[in-house]
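Residues per chain, in single letters:
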Amino acid sequence: QVQLVESGGGLVQAGGSLRLSCAASGSIFSIHTLGWYRQAPGSQRELVAKATSDGVTDYGDSVKGRFTIYRDGGKNTVSLQMDSLRPEDTAVYYCYYLFPGGSNWGQGTQVTVSS
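Residues numbered from 1 in each chain as written. Predicted model: local features only at pLDDT ≥ 70, side-chain atom pairs only at ≥ 80, totals over all residues. Heavy atoms only, no water.

Engineer: Which residues make up the state of the cysteines, and what values do they have?
Structural biologist: Covalent bonding between the sulfur atoms of two cysteines is what defines a disulfide. Following the criterion strictly, the structure yields 1 disulfide and no others. Two residues, Cys22 and Cys95, share a disulfide whose sulfurs are 2.2 Å apart. Looking down the S-S bond of the Cys22 and Cys95 bridge, the torsion is -85 degrees, so its handedness is left-handed. One end of the pair, Cys22, is in strand β3 (residues 18–25); the other, Cys95, is in strand β9 (residues 91–99), and 73 residues separate them in sequence. For the residue pair Cys22 and Cys95, the accessibility class agrees, reading buried in each case. (Disulfide = S-S within 2.5 Å. Helix = DSSP H or I, 4+ residues; strand = E, 2+ residues; numbered from the N terminus. Buried < 20%, exposed > 50% of the residue type's maximum accessible area, 1.4 Å probe, protein only.)

Next comes the structure, spelled out in structure tokens:
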């Protein structure tokens, strides 16, 4: 029922910044989690950052101190500010929505960090 559409992916040089946004449409459960995962070629999909409906955030170890997740509840969006980007951050980034009984995923957006 909930549709997730990512934007903001692209190509950036190492050390640069990029902001991803995910717009959610539909009915959002009052208890839920919105966040981001990523998957690089040959790697498992891993947590980047997430934020619960009560304001608790969590980050993957590799991005702590560099990435920040933001919620905009009024507009049903979640954004990821990525700073100090590294080539190893190159991956497809997926917005996700976790709710009681299931989850929804966005289509993914490519982030490429050049040396």
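Engineer: Quick one: what's the story with the sheet that holds strand β1 (residues 3–7), residue by residue and with numbers?
Structural biologist: Reading across from one edge, β1-β3-β8-β7 is the order of the 4 strands in this open sheet, with antiparallel pairing throughout. For this open sheet the edge positions go to β1 and β7 (67–72), each flanked by a neighbour on one side alone. Adjacent strand axes in the sheet meet at a mean angle of 15 degrees, parallel and antiparallel pairs treated alike. (Pairing = 2+ DSSP bridges. Axes fitted to C-alpha atoms, helices over the stretch in contact; angles between N-to-C directions.)

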